[in-house]
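# Close look at the chain arrangement
Next come the chains, spelled out residue by residue.
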Amino acid sequence: MIRLVVADDQSILRSGLVALLRLEPDLEVVGEAADGASTLATVAEHSPDVLLLDVQMPAGTRADGTPGPSDGIALAQELHELQAAQEAQAQGAGQEGTTGPEVRASGSESRASGPESRASGPESRAQPRIIVLTTFGRAGYLRRTMEAGAQGFMVKDTPVERLVDAIRRVDQGLLVVDPELAAQSLSVGASPLTTKETEALQGAAAGGSTAKIAATLFLSEGTVRNHISSAIGKLGVANRAEAVRAASDNGWI
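Summary of the structure given here. (Residues numbered from 1 in each chain as written. Predicted model: local features only at pLDDT ≥ 70, side-chain atom pairs only at ≥ 80, totals over all residues. Heavy atoms only, no water.)

This paragraph deals with the overall build of the protein. Helix and strand counts for the protein stand at 10 helices and six strands. Relative to its full complement of 253 residues, the protein shows a buried share of 42%. Taking all contacts inside the protein whose residues are at least 6 apart in sequence as the whole, residues at least 24 apart take part in 62%. Only carbon and sulfur atoms are counted for the fraction: they give 52% of the accessible area of the protein, which is about 13000 Å². (Helix = DSSP H or I, 4+ residues; strand = E, 2+ residues; numbered from the N terminus. Buried < 20%, exposed > 50% of the residue type's maximum accessible area, 1.4 Å probe, protein only. Contact = heavy atoms within 4.5 Å. Areas by Shrake-Rupley, 256 points an atom, 1.4 Å probe, with all protein chains shown as cover.)

Right under this line is the structure:
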């Protein structure tokens, strides 16, 4: 049985998808979430095998009062980093406890990424494999999704049978990517923007003033203006609004 969490802020779409997935005999939806913070909490509570994750979700608020991930890609990155930290911790513990070749795992039991090898204890629990779903098939989203550690990327209007097949394949450790988006990603290329330029445009896209963006990024207003000006030049547009539109259309923010 493949255990799933479905994260999407559109409740009607999420409920419909959950209902369809529950018709499959080998799939079990163990949790739902509508924002970044609640998705992390639901994943921690239920330890699913696969997470279906919307790109554009509100951040939400964590239990400690801090905001959740800014979008689905940031959430995937956070889970990816947590997975890496857990693997490093487990590797360190394994090296300390290894006394001879007789304790080394072999065969399928040694495949840390396989679904059958997931630990049941909450401290060593592996993070789910992730399929990112998006309404907007933007090439830049695909590249950012893969860089964030997700194993699948599909558009929301994908036929349900293809999505179900993708869930099964991702659970087996395979990568599943919409072929048209893969071709687009190769043609568009990587984002020319630096991290700070991207963050500045993301702030502008959210409607933030220069002062608000500066406060959020802990930068001076002059530095924010410089980052936005640099982004405008790289994107070959005339102003901030056009830069936001160009970066958004390519999936770079």
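Moving on from the coordinates now.
For the rest of this paragraph, the subject is the pattern of salt bridges. Counted according to the given criterion, the structure contains 10 salt bridges. Its salt-bridge partner being R62, residue E78 comes within 2.8 Å of it at the nearest N-O pair. Taken together, the residues E78 in helix 3 (residues 72-97) and R62 in the loop between strand 3 (50-54) and helix 3 connect sequence positions 16 residues apart. Judged by its relative accessible area of 27%, E78 is partly exposed. (Salt bridge = Lys/Arg side-chain N within 4 Å of Asp/Glu carboxyl O.)

So, about the sheet that holds strand 6 (residues 176-177). Pairing is parallel in the open sheet, where six strands are placed in the order 2-1-3-4-5-6. Since the sheet does not close on itself, it has two edges, and those belong to strand 2 (27-33) and strand 6, each with one partner. The sheet contact formed by strand 4 (residues 129-134) and strand 5 (residues 152-155) spans four bridges and is parallel. Bridge pairing links I131 to G152 in strand 5. Its contacts with the sheet put helix 5 (residues 160-171) on strand 1 (2-7), strand 2, strand 3, strand 4, strand 5 and strand 6, and the angle it makes with strand 4 is roughly 155 degrees. (Pairing = 2+ DSSP bridges. Axes fitted to C-alpha atoms, helices over the stretch in contact; angles between N-to-C directions.)

Looking now at helix 8 (residues 210-217). Listed as buried for helix 8 are T210, I213, A214 and L217. Within helix 8, the buried residues cover an arc of 100 degrees as seen down the axis, which keeps them to one side. The outward face of helix 8, more than 90 degrees from its buried face, is lined by the exposed residues K212, A215 and T216. In this structure, the buried residues of helix 8 make contact with helix 7 (195-205), helix 9 (221-235) and helix 10 (240-249). Phi for F218, located one or two positions after helix 8, is positive at around 60 degrees. (Arc of directions from axis to C-beta.)

With that settled, the discussion passes to the layout of surface pockets. Reported here for the largest pocket is a volume of approximately 790 Å³. For the lining of the largest pocket, the class distribution of residues is 11 nonpolar, nine polar and eight charged. Of the volumes computed, that of the second largest pocket is approximately 440 Å³. Every residue lining the second largest pocket is counted, 18 residues in all, and those nearest its centre are I73, R144, T198, Q202 and W252. (1 Å grid on protein atoms, 1.4 Å probe; cavity = no way out; pocket = protein on both sides within 12 Å on 5 of 7 lines; lining within 4 Å. Points joined across faces, edges and corners; volume = space filled by probe spheres on them. Nonpolar A, V, L, I, M, F, W, Y, C, P; charged D, E, K, R; others polar.)

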